[in-house]
Amino acid sequence: MTRFKFFNNINSLEQLRKEYKRLLKLHHPDNGGTKEASQTINNEYEALFKILKDRHNSKEAADTSDYKSSTYDFEDDKALREALQKIIHLQGIEIEICGSWIWVSGNTYQHKAEIKAAGYKWSKNKSMWYFHNGEYRRGSRKTYTMDDIRFKYGSTEVSGKPQTALA
């Protein structure tokens, strides 16, 4: 295995991200570090990220367990599609799917009653509407920003058919 100057005993992508942030705080030129150290950290991060991602993908491909034991639930997918269809026609809103959650922002005030009737809930911390099928239990007290959520779960923007406004 490749030897790294800064990253040692990293076994998961989550550990890599945490260590990367910690190292940048210590070695960034704005914090008294050097440009060379920051570049080395970035290069090692990219190389190790590729290695861990490939390892993760090969483990998933080798997994022959029963699909029912997987964390993916087709009923959740159906519920997400139905919830999306209820609001996709609304004008002036932005719809984003992050993992198994739908987030709605933009000009939602005029559509408040319809969004609420479709089963969406308001998140005052994020000032956005969200939909998630099933019960959700928080794992920790940490609050995540939308950028944290996008980075962790990925993000897909959804748009409906463009509609022409009547004069």
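Asks: Honestly, the packing of aromatic side chains in this entry has me stumped. Any pointers?
Replies: A ring pair, where both rings are aromatic, is described by two values, the distance of the centres and the angle of the planes. Under the criterion given, the structure shown has 7 aromatic pairs. Aromatic pair Trp-101 and Trp-103: ring centres 6.1 Å apart, planes at 15°, arrangement stacked. Across the pair, exposure class does not vary: Trp-101 and Trp-103 are buried alike. Pairing Tyr-120 with Phe-131 gives two aromatic rings, centres 5.4 Å apart and planes at 50°, and the pair type is tilted. Taken together, the positions of Tyr-120 in the loop between α4 (112-117) and β3 (121-123) and Phe-131 in strand β4 (residues 128-132) put the pair 11 residues apart, joining distant regions of the chain. By relative accessible area, which is 12% here, Phe-131 ends up buried. Pairwise contacts between aromatic rings join Tyr-20, Tyr-45 and Phe-49 into one cluster.

Asks: How should I be thinking about unusual backbone geometry in this particular structure?
Replies: Generally, phi is negative for residues other than glycine and the peptide bonds are trans, each holding for most cases. The phi dihedral of Asn-9 falls on the positive side, at around 55°, and the residue is not glycine. Examined against the element boundaries, Asn-9 turns out to sit in the segment before α1 (13-27). For Asn-9, a relative accessible area of 71% puts it in the exposed group. Within the chain, Ser-127 stands out as a residue other than glycine whose phi angle is a positive 50°. Tracing the chain through its elements places Ser-127 in the loop between β3 and β4.

Asks: Would you mind going over the sheet that holds β4 with me for this structure?
Replies: Paired through backbone hydrogen bonds, the strands of a sheet run either parallel or antiparallel to each other. If you walk across this open sheet you meet the 5 strands as β3-β4-β2-β1-β5, and the pairing is antiparallel. Here the strands that pair on one side only, and so sit at the sheet edges, are β3 and β5 (156-158). Taken pair by pair, the neighbouring strands of this sheet meet at an average axis angle of 30°, ignoring direction. Where β3 lies against β4, 3 bridges are found, and the strand directions are antiparallel. By the bridge assignment for β4, Lys-121 is matched with Tyr-130.

Rules used throughout
- In this numbering scheme, every chain counts its residues from 1 along its sequence in written order.
- Totals for whole chains, interfaces and linings use all residues, but because this is a predicted model, local features are given only for residues with pLDDT of at least 70 and pairs of side-chain atoms are given and counted only at 80 or more.
- To get the side-chain values, take all heavy atoms of the structure and skip hydrogens and water.
- Ring geometry is summarised as follows: Phe, Tyr and Trp rings, the Trp one being its six-membered ring, pair when their centres sit within 6.5 Å, and such pairs are stacked at plane angles under 30 degrees, edge-to-face over 60 and tilted between the two.
- Classification of residues uses two cut-offs on accessible area relative to the type maximum, computed with a 1.4 Å probe and protein chains only: under 20% is buried, over 50% is exposed, and between them is partly exposed.
- Counting from the N terminus, the helices are DSSP H or I runs at least four residues long and the strands are E runs at least two residues long.
- Here, any two strands with at least 2 DSSP bridges between them count as paired.
- Angular values range over 0 to 180 degrees, each being the angle between N-to-C directions of two axes fitted as lines to C-alpha atoms, with helices fitted over their stretch in contact.

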